[in-house]
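Summary of structural features
Residue-level listing of the chains:
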Amino acid sequence: MLTRLGVEPIGATGQPFDPSLHQAIQMVETAEVPDSHVIDELQRGYRLRDRVLRAAMVRVAQNSSK
């Protein structure tokens, strides 16, 4: 029903962190994922056309090898 109205989920996992689309809940030390990329999605976010209805709550990778 919501898809017909133009509401779509925001892709998060594996994407670069974007503060306009994602809300970082936790920074995780890891070398498995590129720095500042989303590791996993805790709560799905949604947008209506170009407007964010709810940002996705995510965990973000932080590499200490800099």
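Worth saying up front: this structure is predicted, and the values here are computed from it rather than measured. (Residues numbered from 1 in each chain as written. Predicted model: local features only at pLDDT ≥ 70, side-chain atom pairs only at ≥ 80, totals over all residues. Heavy atoms only, no water.)

As for the sheet that holds strand S1 (residues 7–10)
Worth spelling out the cut-off: When DSSP locates at least two bridges between a pair of strands, those strands are taken to pair. Strands here are runs of E lasting at least two residues and helices are runs of H or I lasting at least four, both read from the DSSP assignment and numbered beginning at the N terminus. Geometry is summarised by axes, namely lines fitted to C-alpha atoms with helices restricted to the contacting stretch, and by angles between N-to-C directions that run from 0 to 180 degrees.
Ordered by their spatial adjacency, three strands build an open sheet running S1-S4-S5, and the pairing between neighbours is antiparallel. With partners counted over all chains shown, the strands left at the sheet margins are S1 and strand S5 (51–54), one partner each. Strand-to-strand twist of the sheet, defined as the mean angle between neighbouring strand axes without regard to direction, takes the value 40 degrees.

Quick word on the pairing of strand S4 (residues 45–48)
Summarising the sheet, S1 and S4 pair through four bridges and their orientation is antiparallel. Bridge pairing in S4 places Glu8 opposite Arg47. Taken together, the three bridges between S4 and S5 define a ladder with antiparallel strand orientation. Bridging across to S5, Leu48 finds its partner in Arg51. What sits between S4 and S5 in their antiparallel hairpin is a turn of two residues, with Arg49 showing a positive phi close to 55 degrees.

Some remarks on the pattern of salt bridges
What counts, and what does not: Every case where a carboxyl oxygen of Asp or Glu lies within 4 Å of a side-chain nitrogen of Lys or Arg is listed as a salt bridge. The classification of residues rests on relative accessible area computed with a 1.4 Å probe and restricted to protein chains. Under 20% of the type maximum is buried, over 50% is exposed, and intermediate values are partly exposed.
Throughout the structure, instances matching the rule amount to two salt bridges. Note that Glu8 is salt-bridged to Arg47, the shortest N-O span being 3.7 Å. Here Glu8, found in strand S1, pairs with Arg47, found in strand S4; they are 39 residues apart in sequence, far enough to count as distant. With a closest N to O distance of 3.1 Å, Arg59 and Asp40 form a salt bridge. Taken together, the residues span a long stretch of sequence, with Arg59 in strand S6 (residues 56–62) and Asp40 in strand S3 (residues 38–43) at a distance of 19 residues. With relative accessibility at 23%, the residue Asp40 sits in the partly exposed group.

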